[in-house]
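Listed below are the residues making up each chain.
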Amino acid sequence: MAGRIPPRTPITPTTRTTVRGGHVPVPVTEDAPVDLGLTLGPLRRGPADPTFRVTPDGSVWRASRTPDGPGTIRLAVRDGQAAAEAWGAGARWLLDNAPALLGAEDDPTAFVPRHKLVLASHRRRPGLRLTRTGLVLESLIPTVLEQKVTTTEAYSAWRLLVRKYGEPAPGPAPEGMYVMPDARTWTQIPSWEWHRANVDGKRSATIVRAARVAARLEEAAHMDPPAARERLELIPGIGPWTSAETIQRSNGAPDEVTTGDLHLPGIVGWALAGDRAADDAAMLDLLAPYAGQRHRAARLILLSGRVPPRRAPRMTPGDIARL
């Protein structure tokens, strides 16, 4: 589990109400900077994600469906301080959880690089924090959409479904931003609309099953990561890959490394041992020195850009919508 930030670099929210929401100042120091792109980047599902936007001034906007309802939050880091402002029924919830979103519950000092490549990547990215959204379904559904398809297909399906069945983001959000549908709406999407979004029956059925027990799944955000993953994997169609990718985001889990991925074992194997044929077992062996921080180590390896040369052509996107 993620530890608390040491006392020398506290991140404690104080709130003052404004007309449209509020601000949550988050002190940022040289020893504990926050890079919005690195920290919040895993929450973005493609460059046209309707729930995520980066504006020219460097602010990050997110539209979320909170336990209190839809909300929009704007986050920025300027002059050594991170701030958040929110709108909508979920504004107060978003503001209260903004510090965790920015990595306040993550402890980067717990990470000790064991390889030169990891050390170099770590030094180049001092602002990397592991985000914790506190929301399960908003990470689970797009992750299910990414099962065994190209990211292009998954991002397109997410974009189409959120725009069609979601609702415009509250407040002065950038044009084209939407809050994802609520759980009940996900269960009522007609089969032909899943088809038009290029989502096969297996993935759509998994999403519907998850949405029907959304309240129970959302409880996982407050559980230890292993127990949270076990809760998610009770749903047919949700396996270790999907649960890890979800809990990494919802729970800010630094040790929940992704297994069952098509590319990650080879990337980790190549970066740490020159073994492009590494499987999950070999990857976990290589990451064993980072026990407690394996997910952070894997992220730093991915960010290093060291990947094995491609031998096979890219996976061809499918198009079931034409069938």
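Preceding block: the structure.
Residues numbered from 1 in each chain as written. Predicted model: local features only at pLDDT ≥ 70, side-chain atom pairs only at ≥ 80, totals over all residues. Heavy atoms only, no water.

By size, the foremost hydrophobic cluster in this structure holds 32 residues, and its most contacted members are L140, W186, W194 and L232. Setting aside its immediate chain neighbours within four residues, L140 contacts A210, L217, L232, I238, T242 and T246. (Core = buried A, V, L, I, M, F, W, Y, C linked by side-chain atoms within 4.5 Å. Buried < 20%, exposed > 50% of the residue type's maximum accessible area, 1.4 Å probe, protein only. Contact = heavy atoms within 4.5 Å.)

This next bit is on the packing of aromatic side chains. Inspection of the entire model under this criterion finds four aromatic pairs. Aromatic side chains W158 and W186 sit 6.3 Å apart centroid to centroid with 10° between the ring planes, which places their arrangement in the stacked category. Of this pair, W158 sits in helix 6 (residues 151-165) while W186 is found in helix 7 (residues 183-187), placing the two residues 28 residues apart along the sequence. Neither W158 nor W186 differs from the other in exposure class; each is buried. Between W186 and W194, the aromatic rings sit 6.1 Å apart at their centres with planes inclined by 25°, giving stacked as the arrangement. Counting every residue linked through ring pairs, the aromatic cluster contains W158, W186 and W194. One residue, K164, lies across the ring of Y165, its end atom 5.9 Å from the ring centre. (Phe/Tyr/Trp six-rings, centres within 6.5 Å; stacked < 30°, edge-to-face > 60°. Helix = DSSP H or I, 4+ residues; strand = E, 2+ residues; numbered from the N terminus. Lys NZ or Arg CZ within 6 Å of the ring centre and 35° of its normal.)

What the rule picks out here adds up to 16 salt bridges. Between K164 and E193 there is a salt bridge, with the nearest N and O atoms lying 3.9 Å from each other. Linking K164 in helix 6 with E193 in helix 8 (residues 191-196), this pair joins segments that are 29 residues apart in sequence. Judged by relative accessible area, E193 falls into the buried class, the value being 10%. (Salt bridge = Lys/Arg side-chain N within 4 Å of Asp/Glu carboxyl O.)

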